[in-house]
Every structure is written in structure tokens, then in C-alpha cells.
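# Coordinates in review
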Amino acid sequence: MSSVPLTAYLMLALILFCIGLFGALTKRNAVIVLISIELMLNAVNINLVAFAKYSINPGLTGQIFSLFTITVAAAEAAVGLAILIALYRNRQTVNVDEMDTMKR
Amino acid sequence: MLQMSWLIPLFPLLSFILLLLFRKSKSESTAWIGVLLTGISLVMSVGVFLAVWQGEGIKTEGTWFQIGERAITMGFEVNPLNALMLVIVSLVSFLVHLYSKGYMHGDERFPVFFAYLGLFSFAMLGLVVSPNLLQLYMFWELVGLGSFLLIGFYYFKPEAKAAAKKAFVMTRIGDVGLFIGMVLLFWQVGSFEYDEIFASVKNGDISSGMLTLTALCIFVGAVGKSGQLPLHTWLPDAMEGPTPVSALIHAATMVAAGVYLVAAMYPLFQASEAALTVVAVVGGLTAIFAASIGLMQKDIKRVLAYSTVSQLGYMMLALGASGYVAGIFHLTTHAFFKALLFLAAGSVIHAVHTQNIEEMGGLWKKLRITGPLFLIGALAISGVPLLSGFFSKDEILASTYADGKYGLFWLAVIAAFMTAFYMFRLFFLVFTGEARGNEKGVHESPSVMTFPMIVLGVLAVVAGYLNTTWFGTFLSDYLAQGPVELPHGDHHGPAWIPLVATLAAALGIGLAYLIYQKGTLSRDWITRSFPSLAEVIYNKWYIDEGYDQTVVKGTRGLSKLGVLFDRYVVDGLVTAVTNGVQGLSKIGSRLQNGQVQSYGTAAIFGIVILLLIVALTGGYFS
């Protein structure tokens, strides 16, 4: 079939996940943070699909599961953006540094 | 009557409690509570005394608690010595209560003063009826507390505050001695009971060195309380208290407690020749030393205070010279005439509102009652024949002479001369001549003040006839019933001793007359000839300054070292601990900054570390 091995997919997923993690932990802008979280989710999706194809019992379960994840991620992004907009209306900022109410 | 004698100390205690309840009261009739209750004590004391006079006695005790085999008891005892003390204490206390009703008139804390007087009387009476050393020690400290409270009654005056503290600390030095003596006795005898202690002293259960040591330790307690030589400095300062307090505590009763202690423990002292000699020497030196200071003081109460110290020295001298009866006799007469002198001085101060004798004078005509009474007191203390002081002083001199202590005998004679001189210096300066101070508003004290003085005046005259060679030695017969075996034979020295004593008194009075009344000799006649000696005496032999330079400075230095240790070592340790904890928590609190991102970072690092550990150790699954 194809000559691309499982490790390559996993490496791609790992790199993608680390980029997402880095973005989620370091970026100041809440929108970027949200996008970074999407990146991490997609890295997980790649993992799911790759294992579905290359595992000992290949099947469609993993791919269907990743479809679900994409749907849930879409819903999550919608909720996240809604919260973000509400937050922006309240505080006139999307800077994550200033959202430290947990301290109080 | 005797079974009830334990009630005697409780009436003043009741007065103390009641008056504390009324302490905010503005009414001065609260004084009658104290007067009435001490009056009951007085009546009962007299009843007890009469019963004991007939040869009765009582001792009742119950076990307080048990230490191993030893039972510590509490109870009361009446024997001739303490029955006499009961009468003296309750009488003077009653009269002082009455007197204070007039003297303290208008004071803001009027009921509190009487409450303190009640507390003191309770403690003193309790001390007297104690049948064992432990109980005595408790009352001993309570008496000290009463004295402290009353000296510091005018606590807003810094001198009074300092004097109260000084009295407390100085007597405490003595109390430590007494405590050590008590512990040693308990160790040796296994009991605090007088009877058992005396029994084992008699049986020779205690080695003679230990005997001397315990006797001396107990004597240290007496030295502190009775203001004897090294520890006397608190007593003159205690004159900062109200004058009735000086009469009650610092003349008649508490300071005599030291003498009483030595008398009560007399068999112990008798067993040790060395201890008796120390008592006699300390007493003799105190007598002449304090008398010399009294010659030059300007404060009427301080002159009397030094005179008290000197007379207490006399009593100690008598006890040390085996003159047991003479010591107790002088204690009795002194209580009366010195209380009289203090009350009269209080009446003078009440009239002229100063204590400086240079600002008095010519008061004889204005104080028609106080003046003659003061004269009676002065004559009695000077040892003029037929008055009480003559008999007791004569007895002391005779027993000192009979005991072979000739050096101390002559010291005592010189002290008697000085006593007569300074008492009449006081008398002439205060009552005769021209008025040198404020004359307006000088009036005799109210009868509530003069009545106690009159009673004491009568006693100061007649108390001497308790024990005379002419009419009968009632007191020594009476005291002979007690547990103390009186030294064999009466101390009737040569017949010339009364003559010498009278001569000394007459010389002193005459000299004072020539200097302060006639003016034949100028007032600085002696001071001019020996200016440096006069300077030293006027400054009380620099004893206070000496203590300041040595003991006080030493203690201060030591406590400064202690402060340094505390500040840099103890505090340093504590600060190190707190700083450590604070630093840790600062790091911890910096982690909590409210930002999800840093929490997330921390979580990631945690997981990474966990994974690393799992990977390096071979993992959970291996």
C-alpha cells in the first residue's frame, strides 16, 4: 500500500501536539490559545487514525471515533469562542495574562 | 476560748474581703468594718492571752497532705510567746485602723487602704499562730505582700513605687535564706513542726555544723524582715507609705516578725553558740549604726525609721546574748512606744503637711494632745527611768553584760545615748522654738486619731511594769511556761547598769537641750569639727550608693548580658526559623498567580518528571 510507516504519523502527531501545547501555555492572546488547543486535538486525531490503520486489528472504529472527536472539537470551539466573546465584552481584553481571577 | 483562737486571724481576713467588695464606695464609714472586725480579734486575743496567763495552751493540727511517709500539717498553736504577740499585733492593728479613719480622711481609695490593712493583719496574726515553719513561711510571704501593697499605696508617687519594690526585693533576699534554712531542717528532721525540730535538736540528731548553718539561714530571714545591718536599707525607704502603715508594719508588727522568728526558733539558736554570737553581733552593730544615721536625718519619719532599725538591733542583741525575755520584753514595749511615736508623727504631719523637721517648730502650743504624747514616747524610747523603755533596755544591757559580751555592751550604751539625743533633737526641733514653716491651718487632729495615741501613751508608760526587779518579773515567769527553756538564772547584772543607762539617756537629752533648745552650743558644733564624718553619716554611710555600685550594677550587667543572649541567640534562632518558613511560603505563593497557563506548565512539568522517573526506573510494567 504505502511506504509511510506508523512512526512518521506518530512523530507528526507528537510535533503537532508539542506545538499546540507550547502555544496553549505561552501565547498571550486567548484566540491563539484556543487555536493551539485545536492543534492538540488534531494531533490526537492523527494518532487515532494512524493506530486504526496500522494496529494488529485494523478497522474503521478509530476513524469513526476521530470523526466524533472532530465534531466535539467543533462544538468545543464554538463554546470556547462564545465564552471568549462574553469575556471580551466584560473585560475589554482577550489577554490571558489579565485573566487571573482564580488568584482571588 | 482557746479552741476558738484560730478565728482570730480570720476576722481581719473577713474585713479584707468585705472591704474589697466595697472598694468603689465613697463612704468613709466603710472604715468601721475594719475597726469592728479587728476589734473582735483584739477582744479574743486578750481572752486567749488571759487564758494562757493562767497556764493553758493549745495546739491543734490536721494533715494537709502526705509526701511519702511524711505528713505536712496545718493548724494553730497558742503558747505564751505567740499569745503575747497576738495581743500586741491585734491591739496595734485595731488602734491603727481607728487612727487611719481620721488620717486617711478624704483619700480616694479609702476602703482599699482598710482592705490592705485587713489583709496585713490577717497575715501577721496567721504568722503568729502558725505551729510549723511551712505555715509560718506562707504567712511570712503574705505579710511581705501586705507591706508591699501598703508602702506602694500612693503608687502615683515614683518614690513610693520604688520604695515598695525595694522593700519587696530586699526582704526577698532574706526570705531565700529562711527558705534554705527550712529545707535544711526538713532534710535533717523530716518535719516542719517546731516541737519535732526542737526534740531532735535536743537529742543531738543534727550535727553541730549543720545546726549552726540552719540557724544562720533562718537568721538571714529575720535580718531581711527586721531590717538588720546588711539588709536594712528598705526600712527607711518604706516611710513613703502612709504614716499609720509605718506605725503598724514598720514599727510594731512586721519588722518585729524577724525577732519573733528568732524567738520562736530559740532552742535551735541556743544549741549553737556561734549562731547566737552572730545574732548578737549583727544586732549590736545594727543598733549603733542605725542610731548614728538617725542623728542627722531631716525627715521626721526617717529619724523614727532609723530609730526602729536601731531598736530592732537591740532586740537581736538581747536574743543573741541569751536574753530571751529581755528581747521579747523590748519587742513589747517598743511596739507600744514606737507605734505611739509614729502616730504622733503622723498627727504632726497631718497638721503641718510636711515631713521636714526644719520646717516645723513651736508646735507644742498648737498640738496640745500630740505634743505631750510625743514627749512620753520620746522619754520612753530614750530609757528615762519609770517609763517602759527604761526597764526593757536595762534588761537588755544587763543580759548582754551578764553574757560576757562587754564590747557589745558598751556599743549598746553608746547607742542608747544616741537614741536619747536624736529623739530629743526631734522633739525640740518640732515642738519648741519658733515656727519655721507654714503656720496657717495648724490644728489638733480629730479625736479618732488622738484616742489611739492616748491608749498607746498609757501603755508606753505602764508596759514596763510587766517585768521589773522591783515589783515582779511577771513576763519572764509567763514566758517560762513556753516551750523555750529559759537560760538558767536571771540576768541581773551589777546595780550600776541602770545608772549607766540613765546617765547615757540624760546625757543625750541634755546635749539635745543645749544644742536645739538653749542654743548654748551651736548646731553645727560637731559637724564643723568632723566634716567628713558628718558627711558620711548624713549620707547613711553610703550604703545605698554602695549597693548601687556593686549589687545593682552587677545585676544590671548580668541582665544586660542576658538581654544580649536573648536578642541575638534565642531571637536569632526564632527569626531563622520564621524566615525559612516565610521564604518557602513566598515561593509557594508565587506559584499561585491565578493564571491557567502557569498552572498548566506546572502540571506538564509534573507529568514529564513522573514519566522520566518511570522511564529511568524501568517503569511500572517491567
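Everything quoted here is computed from the prediction, not taken from an experiment.

When its secondary structure is counted, chain A shows 3 helices and 0 strands. In sequence order, chain A lays out its α and β elements as α-α-α. On C-alpha atoms alone, chain A measures out to a radius of gyration of 17 Å, which is more than a quarter above the 13 Å that the 2.2 N^0.38 rule sets for 104 residues. The C-alpha extent of chain A, read off along each of the three principal axes, is 55 × 25 × 20 Å. Split into buried and exposed, the 104 residues of chain A put 11% on the buried side. In chain A, the proportion of contacts linking residues at least 24 apart, taken out of those at least 6 apart, comes to 50%.

Residues and elements named next belong to chain B. Relative to strand β2 (residues 70–78), strand β1 (residues 58–67) runs antiparallel, the two being bridged by 9 bridges. Its bridge partner being in β2, K59 is matched across the sheet by E77. Taking the residues that link successive antiparallel strands as the turn, the β1-β2 hairpin has 2 residues, and the phi of G68 there is positive, at about 60°.

So, on to the packing of helix α8 (residues 208–226) of chain B against helix α11 (residues 254–264) of chain B. All names here are of chain B. Put simply, α8 and α11 touch, their axes get as near as 7 Å, and they point 160° apart. As far as their axial angle goes, α11 and α8 are roughly antiparallel. The chirality of how α8 crosses α11 is left-handed. Contacts between α8 and α11 involve I218, F219, G221, A222, V223, K225 and S226 on the former and, on the latter, M254, V255, A257, G258, V259, L261 and V262. Among the residues forming the contact of α8 with α11, the class breakdown is 10 nonpolar, 3 polar and 1 charged.

On to the interface of chain B and chain A. Each side of the interface is counted separately: chain B has 8 residues, and chain A has 9 residues. Tallied by class, residues from the side of chain B that touches chain A come to 1 nonpolar, 7 polar and no charged.

Another point: the domain arrangement of chain B. Domain parsing of chain B yields domain 1 (184–243 + 261–521), domain 2 (539–587) and domain 3 (592–621). Placing the centre of domain 2 of chain B and that of domain 3 of chain B at their C-alpha centroids yields a distance of 51 Å.

Attention now moves to the UniProt feature "domain: NADH:quinone oxidoreductase/Mrp antiporter transmembrane" (unreviewed entry) in chain B. Mapped onto this numbering, the UniProt entry annotates "domain: NADH:quinone oxidoreductase/Mrp antiporter transmembrane" (unreviewed entry) at residues 130–419 of chain B. Taken end to end, residues 130–419 of chain B is 77% helix and 0% strand, and its first and last C-alpha atoms sit 34 Å apart.

This paragraph deals with the nonpolar core. V259, V262, A339, L340 and A412 of chain B are the most contacted members of the largest nonpolar core, which has 206 residues in total. The element contributing the most residues to this core is helix α18 (residues 406–431) of chain B, with 20 residues. Apart from residues lying up to four places away in sequence, A339 of chain B is in contact with V92, A247, A251, A252 and L456 of chain B. Counting 6 residues, the second-largest nonpolar core is a separate cluster that includes A13, A24, A30 and V33 of chain A.

Side chains of residues three or four places apart in an α-helix project in the same direction, reflecting 3.6 residues per turn. With 23 residues, helix α21 (residues 496–518) of chain B should cover 33 Å at 1.5 Å per step; its first-to-last C-alpha distance of 30 Å lies within 8% of that length. Just past α21 of chain B, the residue G519 of chain B takes up positive phi, approximately 75°.

Criteria and cut-off values
Residues numbered from 1 in each chain as written. Chains lettered and ligands numbered in written order. Predicted model: local features only at pLDDT ≥ 70, side-chain atom pairs only at ≥ 80, totals over all residues. Helix = DSSP H or I, 4+ residues; strand = E, 2+ residues; numbered from the N terminus. Rg over C-alpha atoms; globule rule 2.2 N^0.38 Å. Buried ≥ 20, exposed ≤ 12 C-beta atoms within 10 Å, placed from the backbone. Contact = placed C-beta atoms within 7 Å. Pairing = 2+ DSSP bridges. Axes fitted to C-alpha atoms, helices over the stretch in contact; angles between N-to-C directions. Parallel < 35°, antiparallel > 145°, perpendicular 65-115°, else oblique. Left-handed = near helix turned anticlockwise from the far one by under 90°. Nonpolar A, V, L, I, M, F, W, Y, C, P; charged D, E, K, R; others polar. Domains from an automatic or database assignment. UniProt positions renumbered as here; feature names shortened; annotations may be inferred. Core = buried A, V, L, I, M, F, W, Y, C linked by C-beta atoms within 7 Å. Expected span 1.5 Å × (residues − 1).

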